[in-house]
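Residue-level structure breakdown
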Amino acid sequence: MSNSTEHNTLPVLPLPGDVLLPGMVVTISLESDEAKAAALAAEASDQTLLLVPRIGSSYAKVGVVGRIESTGQLPGGTQALVVRAVTRAHVGAGVIGTGSGLWVEAAPVEQGEESVTDEARRLGKCANIYHRSQELAWDGKDVLGELLADHGGVHVPAAQRQ
């Protein structure tokens, strides 16, 4: 989305309750058919998609335009994308796009039109904390394994066992 009056037709990648803000870089696992279809459509065009929070059975009115930075597999084998959130956009009407999946018109949110609310900032911080905790949890598994190996495992005296 090169200028403020441009409208794009983009594939929609639904986010289950997550809120992304411009500048965030996230790893998204492609578990649903909708997510896989959106990723395939974006990869076949210009690596751009619209990331929109799903609220119940509908979508939020505003999402972010994201650019796929890289693709790969998570440790369990699930396909994943690394996406950089670029700019906020209004979710417009559904349109016919290439391939399967939901395509919509995306119109950029004008500067000052809808300022980022305190709630959006709070949710963005919560998302960053959550993603960082996931990274640390994986690191913690390695550290725990090393500690157990270095100290001969866990020993609980018989008198303390239940």
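To start, this report covers the structure provided alongside it.

What counts and how
All residue numbers refer to position in the chain's written sequence, counted from 1. Local features in this predicted model are restricted to residues whose pLDDT is 70 or higher, and side-chain atom pairs enter the listing and the counts only when it is 80 or higher, whereas totals over whole chains, interfaces and linings include all residues. Water and hydrogen atoms were dropped before computing side-chain values, which therefore reflect all heavy atoms in the structure. Only DSSP runs of H or I covering at least 4 residues are called helices, and only runs of E covering at least 2 are called strands; the numbering of each starts at the N terminus. When accessible area is computed with a 1.4 Å probe and restricted to protein chains, residues below 20% of their type maximum are described as buried, those above 50% as exposed, and intermediate ones as partly exposed. Note on areas: Shrake-Rupley with a 1.4 Å probe; residue coverage comes only from the protein chains shown. Only strands that DSSP links by at least two bridges are regarded as paired with each other. Residues grouped as a nonpolar core are buried Ala, Val, Leu, Ile, Met, Phe, Trp, Tyr and Cys residues, joined through side-chain atoms within 4.5 Å. Any N or O atom pair separated by 3.5 Å or less is treated as a polar contact, with the protein-specific requirement of one donor-capable and one acceptor-capable atom, and with residues adjacent in sequence counted only for side-chain atom pairs. Residue contacts are counted whenever heavy atoms from the two residues lie within 4.5 Å of one another. The salt bridge definition used is simple: a Lys or Arg side-chain nitrogen within 4 Å of an Asp or Glu carboxyl oxygen.

1. Regarding the overall build of the protein chain
- A tally of regular secondary structure across the protein chain gives two helices and seven strands.
- By the burial criterion, 29% of the 162 residues in the protein chain qualify as buried.
- Total accessible area on the protein chain stands at roughly 10200 Å², and carbon and sulfur atoms take up 54% of it.

2. Structural notes on the pairing of strand β3 (residues 48–55)
- For β3, the tally of buried residues reaches six of eight residues, placing the bulk of the element in the interior.
- As defined by bridge partners, β3 adjoins strand β5 (residues 62–73) across four bridges and the pair is classed as antiparallel. Among the inter-strand pairings, Leu-49 is bridged to a residue of β5, identified as Gly-66.
- Two elements, β3 and strand β4 (residues 58–59), share two bridges in a ladder whose sense is antiparallel. Opposite Ile-55, over in β4, you have Ser-58 as the bridge partner.
- Between β3 and β4, which pair antiparallel in sequence order, lie two residues; one of them, Gly-56, sits at a positive phi of approximately 65°.

3. Considering the nonpolar core
- Within the largest apolar cluster, 21 residues are counted, with the highest numbers of intra-cluster contacts made by Leu-13, Leu-20, Ile-28, Leu-49, Leu-51, Leu-81 and Val-83.
- Among the secondary structure elements, those contributing two or more residues to this core are β1 (8–15), β2 (25–29), α1 (33–44), β3, β5, β6 (79–95) and α2 (118–150).
- Looking at this core element by element, the count peaks at four residues for α1.
- Ranked by size, the runner-up nonpolar core spans nine residues in total, among them Leu-10, Val-65, Ala-89 and Ala-106.

4. Describing the pairing of β6
- Alignment of β2 against β6, held across five bridges, turns out to be antiparallel. Note that in β6 the partner of Ser-29 across the bridge is Ala-80.
- For β5 and β6, the ladder comprises eleven bridges, and the chain directions are antiparallel. Paired with Gly-72 across the bridge in β6 is Ala-80.
- The antiparallel pairing of β5 with β6 creates a hairpin that spans five residues between the two strands, and Gly-77 there sits at a positive phi of about 100°.
- Relative to strand β7 (residues 103–108), β6 is paired through five bridges, and the arrangement is antiparallel. Residue pairing for β7: Ala-89 is matched across the bridge by Pro-108.

5. A word on the side chain of Thr-48
- Locating Thr-48 in the fold gives a position in strand β3.
- Residue classification places Thr-48 among the buried positions, given a relative accessible area of 5%.
- Within the local environment of Thr-48, its side chain forms a polar contact with the side chain of Arg-67, the two groups lying 3.2 Å apart.
- Not counting chain neighbours up to four residues away, the residues in contact with Thr-48 comprise Leu-10, Pro-11, Ala-42, Val-65, Gly-66 and Arg-67.

6. A short note on the pattern of salt bridges
- Enumeration according to the criterion identifies two salt bridges in this entry.
- Across the salt bridge formed by Arg-54 and Glu-34, the nearest N and O atoms sit 2.4 Å from each other. Of this pair, Arg-54 sits in strand β3 while Glu-34 sits in helix α1, and the two are 20 residues apart along the sequence.
- Residue classification places Arg-54 among the partly exposed positions, given a relative accessible area of 27%.

7. Here we look at the environment of Ala-80
- Locating Ala-80 in the fold gives a position in strand β6.
- Note: C-alpha distance between Ala-80 and Ile-28 (52 residues apart in sequence) is 5.4 Å.

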